[in-house]
Each structure stands twice: as structure tokens, then as C-alpha cells.
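Below are the chains, spelled out letter by letter.
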Amino acid sequence: RKLKALGGVLPLFDSSVVPVAKKLKTSRDRADLAWWCSLQYDAGSVEQLKCLEMSHANATEASEEAETSKDSEGEKVALERAKRVDVARAGLSDKILVDEVLRRNQSMSRTVKVLYKLIIDKVHKRAQSEENYRPENLVQALLIEGSLAAAVA
């Protein structure tokens, strides 16, 4: 936090998070570490997505381990963690994909790029607020916001 407050750049996921995560003994601890690290990186960044992917893989593993342990409360907590991480990961992954598609279209005018960015930000916020995010929701929201923007223009 201090580093970010001073305008510094956080170290890369591969060189800072992965080595520490490998030292942790349980998948639950690795999932929690990766989740916490994802909150430290800039929102919407590729580094944040890498953390969420690691967290998701470990949260899923922890959920499976809890299921075999027959601890119903632990299983419930582990399943909720896996769901929470999956929703965040899926939403960010889709947003980064849409951003990349738009970046590849460099021939667009500046006005269109600004309009697209506005639409993407609205859609991403809407997708984050949904409890059961699905990629279909992103597509639907993109169509709705795009149509509204075209109608207003």
C-alpha cells in the first residue's frame, strides 16, 4: 500500500506472488494469498487476472479437499470462496478480452474509442455487481449499452 501511495509500481505476479505461494502448504492459504494480492494490483490489470486465476485454481482445490473431509461448515466456506473468486476472475477475464479486441482496432476514430471505453466501463461495473455473473450477461450488456449509445449519438 505504501508503494502504491508513493506512486511506485508493484512487482510482477510471476516474480513476487508465485514464489511465495509455492511456499504455502495448503491450497486454502494459496487461494487467500492470491485473492489478497489481486486486491493490491490495479483493477482490471493482467496482473490482477493472474492472481485471480491462481486463487481460483487453489480455491477449487481447497473446496474439493473440504468436500472429502466431511466438514460441512468448512465445505460451505470453501465453496463460497471458490464461487466468489470465479465470478471475479470470469468478469475480469471477459473485460480484458473485450479491451484487447478494441485495442486491435487501431483504425477507429478517437471519438469511437472514447465511446467504446465508456460502454465497456459501464458493462464491467454492471457485470461486477451481478451475483451470478455469466459471459452471456456481458454480451447482453454490451448489446444494450451499445444500442443506447448509438441511439443517443
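Residues numbered from 1 in each chain as written. Predicted model: local features only at pLDDT ≥ 70, side-chain atom pairs only at ≥ 80, totals over all residues. Heavy atoms only, no water.

## A short note on the nonpolar core
In step 1: The biggest cluster of nonpolar side chains holds nine residues, and these are F13, V17, V18, A21, A34, C37, Y41, C51 and M54.
In step 2: Listing elements by their share of this core, those giving two or more residues are α2 (13-23), α3 (27-40) and α4 (46-69).
In step 3: Per-element tally for this core: the top contributor is α2, with four residues.
In step 4: Other than its neighbours up to four places away in sequence, V18 contacts F13 and M54.
In step 5: Core analysis: the second largest hydrophobic core is formed by six residues, W35, L49, V85 and L92 among them. (Core = buried A, V, L, I, M, F, W, Y, C linked by side-chain atoms within 4.5 Å. Buried < 20%, exposed > 50% of the residue type's maximum accessible area, 1.4 Å probe, protein only. Helix = DSSP H or I, 4+ residues; strand = E, 2+ residues; numbered from the N terminus. Contact = heavy atoms within 4.5 Å.)

## With respect to the pattern of salt bridges
In step 1: According to the stated counting rule, one finds six salt bridges in the structure shown.
In step 2: Between R28 and D29 there is a salt bridge, and its shortest N-O distance comes to 3.4 Å.
In step 3: For D29, a relative accessible area of 29% puts it in the partly exposed group.
In step 4: Of the charged contacts in the structure, one is a salt bridge between E61 and R30, with a shortest N-O distance of 3.7 Å. In this pair, E61 is assigned in helix α4 and R30 in helix α3, connecting sequence segments 31 residues apart.
In step 5: For E61, a relative accessible area of 34% gives the class partly exposed.
In step 6: The exposure class assigned to R30 is buried, which follows from its relative accessible area of 16%. (Salt bridge = Lys/Arg side-chain N within 4 Å of Asp/Glu carboxyl O.)

## Some thoughts on the packing of aromatic side chains
For any two aromatic rings, the description comes down to two numbers: the centre-to-centre distance and the angle of the planes.
In step 1: Within the structure shown, the criterion is met by zero aromatic pairs.
In step 2: One Lys or Arg, R84, reaches over the ring of W35 and ends 4.5 Å from the middle of that ring. (Phe/Tyr/Trp six-rings, centres within 6.5 Å; stacked < 30°, edge-to-face > 60°. Lys NZ or Arg CZ within 6 Å of the ring centre and 35° of its normal.)

## What to know about the packing of α4 against helix α5 (residues 72-104)
In step 1: Relative orientation of the contacting elements α4 and α5 amounts to 155 degrees, with a least axis distance of 8 Å. Accordingly, the angle class assigned to the pair α4 and α5 is roughly antiparallel. Remark: the crossing between α4 and α5 carries left-handed chirality.
In step 2: The residue inventory of the contact of α4 with α5, partitioned by class, reads 13 nonpolar, seven polar and six charged. (Axes fitted to C-alpha atoms, helices over the stretch in contact; angles between N-to-C directions. Parallel < 35°, antiparallel > 145°, perpendicular 65-115°, else oblique. Left-handed = near helix turned anticlockwise from the far one by under 90°. Nonpolar A, V, L, I, M, F, W, Y, C, P; charged D, E, K, R; others polar.)

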